[in-house]
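Structural description and commentary
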Amino acid sequence: MKIPGFPGDRNKKAASPARKSHSLIPPLVQWHPWWCQFIDWMITFGTVLLCLLMLPTRLIGMELLGIGPNWLLIWVVSWSVNRSVLSGILSGIILGLLQDAMTSPDPTHALGLGIVGMLTALIQKQRFIQEDFISIALIVFGMAVVVDTIFAVQLSLLGNRHLASIWTYYQRVTLASAILSSLWAPVVYYPLNRWWQQIKLIRN
């Protein structure tokens, strides 16, 4: 026996497809290109500023033998891994000069970070290492050794300090900085790389 339906049920069924949830913020694809560019610049500059402010910060889990992660190094590696060699060098030099402004320009941090940007871009250009969390952590570990070695060489060339004390301190600082920077590298790399990939897809 078939039970007759009520007229109101048909109206409800007909009206149900019209009920769609609309988000208050449209997807990035629907944004104006100038707005996407502006937001991209703001996120890039904002993360650089955040890394600068995090350099002197020592939170729980971010310190080993009094040394913290090299946040600017992590940012330079994250930026350079998918960009040209020139872009990697320029980003390293600019961030190195910003670090000099916060600490001391003698010796400079721009030289080490510029070389890190160049080497990271060259490594990815040749496809020696696949791009994932483990490879990024390995790159950051190696580049931390490179940037601290360059800094120690600059200190040695200045000639105003004892060489034995410089290299003894350098060994302890390099190992602690490399370990912490490689462990915290995915925290910076993953959200930035995801954002830059979305912007690249929208532009293409």
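Structure shown above.
Let me begin by describing the structure that accompanies this report.

What counts and how
Residues numbered from 1 in each chain as written. Predicted model: local features only at pLDDT ≥ 70, side-chain atom pairs only at ≥ 80, totals over all residues. Heavy atoms only, no water. Core = buried A, V, L, I, M, F, W, Y, C linked by side-chain atoms within 4.5 Å. Buried < 20%, exposed > 50% of the residue type's maximum accessible area, 1.4 Å probe, protein only. Helix = DSSP H or I, 4+ residues; strand = E, 2+ residues; numbered from the N terminus. Contact = heavy atoms within 4.5 Å. Axes fitted to C-alpha atoms, helices over the stretch in contact; angles between N-to-C directions. Parallel < 35°, antiparallel > 145°, perpendicular 65-115°, else oblique. Left-handed = near helix turned anticlockwise from the far one by under 90°. Nonpolar A, V, L, I, M, F, W, Y, C, P; charged D, E, K, R; others polar.

1. What to know about the nonpolar core
One finds Trp-71, Leu-73 and Trp-75 to be the most contacted residues of the largest nonpolar core, which totals 32 residues. When contributions to this core are tallied by element, the ones reaching two or more residues are helix 2 (33-54), helix 3 (71-80), helix 5 (110-125), helix 6 (133-158) and helix 7 (163-203). Once you skip the residues sitting within four places of it in the chain, Trp-71 turns out to touch Cys-51, Met-54, Leu-55, Met-62, Trp-184 and Val-188.

2. Description of the packing of helix 3 against helix 4 (residues 85-102)
Direction vectors running N to C along helix 3 and helix 4 enclose 160°, while the axes themselves pass 9 Å from each other. One finds that helix 3 runs roughly antiparallel with respect to helix 4. Considering only the axes of helix 3 and helix 4, their crossing is right-handed. For the pair formed by helix 3 and helix 4, the contact residues are Leu-72, Trp-75, Val-76, Trp-79 and Ser-80 on the first element and Ser-87, Gly-88, Ser-91, Gly-92, Leu-95 and Gln-99 on the second. Residue composition of the contact of helix 3 with helix 4, grouped by class: 5 nonpolar, 6 polar and no charged.

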